[in-house]
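Below, each chain spelled out in residue letters.
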Amino acid sequence: MKYIRGYLTAAILAVFTLALRAFARSHSALVDMVYPYVIRMAQNYLADWNSGVSVCLWQVLLIFMLLIVLATLVLLLIFKWNPIRWFGWVCTAVAIVVFVNFGVFGLSDFSGPLSEDIRLTETDWTIERLEDAAAYYRDQANALADQVPRDHKGNVVFDDFDTLAAQAPLGFETLVYEQSLSVFAGSFQPVKKLGWASRYTAQGVTGVTVPITGEAAVNPQAPAVPSPYAMCQQMARRAGITIDQDASLAAYLACRENPSVQFQYSGMLMSYRACLNAVAELEAITASGAYKRVTALESENLQQDMRACQTFFGNRKQADATVCDLLTSWYIQEIVLPSTIVEQDKFDPMDKTQVDVTN
């Protein structure tokens, strides 16, 4: 019996995790009512607690845990412990981490879509409307591309990582305090530099958020233009906006509201890239020529920055299709529909042209 205690403990934790997941899926309304506030409080506390340390504590803890595993493995060989029993307790350690991680953060996946919290109506759209949305983000990116600082070769020259990280919360503060969108409330502690950056660069990863330590981290080797967007994206994840497309939309909105032109350009370019990739996918089916029409009006600066992004990301599209749905819906609701409203003159009872005085 003593040889399987570790496996039993791991199995019990796995059952609890699955049961918690099933409960969250079947009671999503209840989760949405309570859980986001709890998780934000926890992440705020953890982010404040580790803010004085520049390195990612979760990476330090991971190394420490691996060293413990190796040390116990050596002791196993020296004292000839039972390897089956040893592996069972390793499984228990892994099960504990998974259970805690899901309990303090994983339920966010069931707390409802961001579109409901920001009163965004998701609408069905045609290839023509998608093309219009892509053109809108392209035009905004074109204008901002000429405003960001560049070197003599035309490459963007953004502020250093720490300066950008300190500026990233400004867009979220506007969304929370000026637009009363509490869903974006969360820790405003700066993101950290992601350790082992080369490993993430090889995979085209711009950032990672680890809830157990409340750390949002961004790859310092990522190209300059996507970096501000990535910072906002990881801050959104830390605030409990965990679904990929929702975190991407949150990053766009935070960049848009940031006073720094570097953040504004980053958000516009990455949103344009997402919509353009969606256009390219539909182009393969419809052969409508939309992709060529949209890209034909890219400025030289925008083209250069898009190439830099393509070099880093490759063919990884980072949930572009799903976030494009939200970006197109936002474009329709915030740009298209307001432009169709015809302003009427204010009613004046003394104005004979507005009042029928014939009777």
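Counting starts from 1 at the beginning of each chain's written sequence and moves along it residue by residue. Selection of residues for local features in this predicted model requires a pLDDT of at least 70, selection of side-chain atom pairs for listing and counting requires 80 or more, and totals for whole chains, interfaces and linings are taken over all residues. Only hydrogens and water are set aside; all other atoms, that is, all heavy atoms of the structure, feed into the side-chain values.

*Asks:* Could you clarify how one ought to interpret helix 4 (residues 83–104) in this entry?
*Replies:* An α-helix turns once per 3.6 residues; consequently, residues spaced three or four apart project the same way. For helix 4, with 22 residues, the first-to-last C-alpha span of 32 Å sits near the 32 Å given by 1.5 Å per residue. Every buried residue of helix 4 is listed here: Trp-86, Gly-88, Thr-92, Ala-95 and Phe-102. Each polar contact in these results corresponds to two N or O atoms within 3.5 Å; when the atoms are within protein, one needs to be able to donate a hydrogen and the other to accept it, and residues that are neighboring in sequence are counted only if both atoms are side-chain atoms. Note on conventions: DSSP H or I runs of at least 4 residues are helices, E runs of at least 2 residues are strands, and numbering of each starts at the N terminus. Where helix 4 begins, one side-chain oxygen reaches toward the backbone nitrogen of Ile-84, 2.8 Å away; that side chain belongs to Asn-82. One fewer than the residue count of a helix, multiplied by 1.5 Å, yields its expected span. A 1.4 Å probe rolled over the protein chains alone gives each residue an accessible area, and that area as a share of the maximum for its type sets the label: buried under 20%, exposed over 50%, partly exposed in between.

*Asks:* Just to check I follow, could you spell out the side chain of Glu-298 for this structure?
*Replies:* Position of Glu-298 relative to the elements: it lies in the loop between helix 13 (290–295) and helix 14 (300–313). The charged-residue count follows a simple rule in which Lys and Arg add positive charge and Asp and Glu add negative charge, with His and chain termini not counted at all. For this document, the term salt bridge refers to a Lys or Arg side-chain nitrogen within 4 Å of an Asp or Glu carboxyl oxygen. Buried and unpaired, Glu-298 has Arg-307 as its nearest opposite-charge partner, separated by 6.9 Å. For Glu-298, the side chain forms a polar contact with the side chain of Tyr-272, separated by 2.5 Å. Residues within four places of Glu-298 in sequence aside, it is in contact with Arg-138, Asn-142, Tyr-272, Leu-276, Gln-303 and Met-306. We call two residues contacting when some pair of their heavy atoms lies within 4.5 Å.

*Asks:* I keep staring at unusual backbone geometry and nothing clicks. Help me out?
*Replies:* Apart from glycine, the bulk of residues carry a negative phi angle, and the bulk of peptide bonds sit in the trans form. Residue Lys-80 is not a glycine yet carries a positive backbone phi of 55°. Inspection of the secondary structure assignment puts Lys-80 in the loop between helix 3 (57–79) and helix 4. One non-glycine residue, Ser-180, lies in the positive phi region at around 55°. Exposure remark for Ser-180: the relative accessible area of 59% places this residue in the exposed category.

*Asks:* I keep staring at helix 14 and nothing clicks. Help me out?
*Replies:* With 14 residues, helix 14 extends 20 Å between its outermost C-alpha atoms, agreeing within 8% with the 20 Å of an ideal straight helix rising 1.5 Å per residue. Buried within helix 14 are the following residues: Leu-302, Asp-305, Met-306, Cys-309, Phe-312 and Phe-313. Down the axis of helix 14, the smallest arc covering the buried residues is 120°, so these residues share one side. Away from its buried face by more than 90 degrees, helix 14 exposes Glu-300, Arg-307 and Thr-311. Each C-beta atom gives one direction from the helix axis, and the arc is the one those directions make.

*Asks:* Teacher, can you tell me more about the sheet that holds strand 2 (residues 207–210) here?
*Replies:* Across a sheet, strands are paired by hydrogen bonds formed along the backbone, either parallel or antiparallel in direction. For two strands to be treated as a pair, DSSP must find at least two bridges joining them. The mixed open sheet is built from three strands, whose spatial order is 1-3-2. Looking at which strands have only one partner, the edges of the open sheet turn out to be strand 1 (192–193) and strand 2. Direction of pairing for strand 1 relative to strand 3 (residues 215–218): parallel, over a ladder of two bridges. Note that in strand 3 the partner of Lys-192 across the bridge is Ala-217. Against the sheet, helix 10 (residues 226–238) makes contact with strand 2 and strand 3, and its axis sits at roughly 165° relative to strand 3, the strand it touches most. Fitted lines through C-alpha atoms serve as axes, helices being fitted only where they are in contact, and the angles separating the N-to-C directions of these axes extend from 0 to 180 degrees.

*Asks:* Any chance you could explain the layout of surface pockets here in plain terms?
*Replies:* Summary: where empty space remains is shown by rolling a probe the size of a single water molecule over the atoms. Both cavities and pockets are sets of points on a 1 Å grid over the protein atoms alone; in a cavity a 1.4 Å probe fits but cannot get out, in a pocket the set is open with protein on both sides within 12 Å along at least five of seven lines, and lining residues sit with an atom within 4 Å of a point. Grid points are joined across faces, edges and corners, and a volume is the space filled by probe spheres set on the points. Taken as a whole, the largest pocket encloses approximately 630 Å³ of empty space. Every residue lining the largest pocket is counted, 20 residues in all, and those nearest its centre are Met-65, Val-69, Ala-93, Val-94 and Val-97. For the lining of the largest pocket, the secondary-structure elements that each account for two or more residues are helix 3 and helix 4. When residues in the lining of the largest pocket are grouped by element, the largest group, eight residues, is from helix 3. Residues are grouped as follows: Ala, Val, Leu, Ile, Met, Phe, Trp, Tyr, Cys and Pro are nonpolar; Asp, Glu, Lys and Arg are charged; every other residue, Gly included, is polar. In terms of residue class, the lining of the largest pocket is built from 16 nonpolar, three polar and one charged.

*Asks:* Looking at this model, I keep getting lost on the packing of aromatic side chains. Mind explaining?
*Replies:* For any pair of aromatic rings, the description rests on two quantities: the centre-to-centre distance and the angle between the ring planes. Two aromatic rings from Phe, Tyr or Trp, using only the six-membered ring of Trp, form a pair when their centres are within 6.5 Å; if the ring planes differ by under 30 degrees the pair is stacked, by over 60 it is edge-to-face, and anything between is tilted. A full pass over the atoms with the stated rule returns 10 aromatic pairs. Ring geometry for Tyr-136 against Tyr-331: centres 5.4 Å apart, planes inclined by 40°, an arrangement best described as tilted. Residue Tyr-136 is found in helix 6 (residues 127–145), and its partner Tyr-331 is found in helix 15 (residues 320–340); the two are separated by 195 residues along the sequence. Judged by relative accessible area, Tyr-136 falls into the buried class, the value being 13%. Arranged with centres 6.4 Å apart and planes meeting at 55°, the rings of Phe-172 and Phe-184 form a pair that is tilted. One end of the pair, Phe-172, is in helix 8 (residues 169–178); the other, Phe-184, is in the loop between helix 8 and strand 1, and 12 residues separate them in sequence.

*Asks:* So what exactly am I meant to see when it comes to the nonpolar core here?
*Replies:* Soluble globular proteins: nonpolar side chains tend toward being buried together. By size, the foremost hydrophobic cluster in this structure holds 70 residues, and its most contacted members are Ile-118, Tyr-137, Phe-184, Leu-249, Tyr-252 and Tyr-265. Non-local contacts of Tyr-252, meaning those with residues more than four positions away in its chain, are made with Tyr-136, Tyr-137, Tyr-229, Gly-267, Met-268, Ser-271, Leu-327 and Trp-330. Nine residue types can take part in a nonpolar core, namely buried Ala, Val, Leu, Ile, Met, Phe, Trp, Tyr and Cys, and a core is a set of them joined through side-chain atoms within 4.5 Å. In terms of nonpolar packing, the next biggest core, distinct from the first, is built from eight residues, Ala-24, Ile-39, Phe-105 and Leu-107 among them.

*Asks:* When you look at the environment of Gly-314 in this model, what are you seeing that I'm missing?
*Replies:* As for its placement among the helices and strands, Gly-314 is situated in the loop between helix 14 and helix 15. Along the chain, Gly-314 and Gly-204 lie 110 residues apart, while their C-alpha atoms are 7.4 Å from each other. In this structure, Gly-314 is in contact with Arg-273 and Cys-309, ignoring residues within four places of it in sequence.

*Asks:* Explanation requested: the packing of helix 3 against helix 4 in the structure shown.
*Replies:* Helix-helix packing is described using two parameters, namely the angle between the two axes and the distance between the axes. It is at 11 Å that the axes of helix 3 and helix 4 come closest, and there the two elements cross at 170°. The pairing of helix 3 with helix 4 is recorded here as roughly antiparallel in orientation. Counting all contacts with helix 3, which are made through Met-65, Val-69, Thr-72, Leu-73 and Leu-76, the residues of helix 4 involved are Pro-83, Trp-86 and Val-97. Split by residue class, the contact of helix 3 with helix 4 holds seven nonpolar, one polar and no charged. Just so you know how the angles are binned, under 35 degrees is roughly parallel, over 145 roughly antiparallel, 65 to 115 roughly perpendicular, and the rest oblique.

*Asks:* Looking at this model, I keep getting lost on the environment of Met-41. Mind explaining?
*Replies:* Among the structural elements, Met-41 can be located in helix 2 (residues 28–50). Separated by 144 residues in sequence, Met-41 and Ala-185 place their C-alpha atoms 9.9 Å apart.

*Asks:* Help me understand the pattern of salt bridges in this model?
*Replies:* Between side chains of opposite charge, a pair can form as their charged atoms come close. Under the definition given, this model contains six salt bridges. The residue Arg-150 makes a salt bridge to Asp-305 at a minimum N-O spacing of 2.6 Å. Placement of Arg-150 in the loop between helix 6 and helix 7 (161–167) and of Asp-305 in helix 14 is noted, with a sequence separation of 155 residues between them. Residue classification places Asp-305 among the buried positions, given a relative accessible area of 4%.

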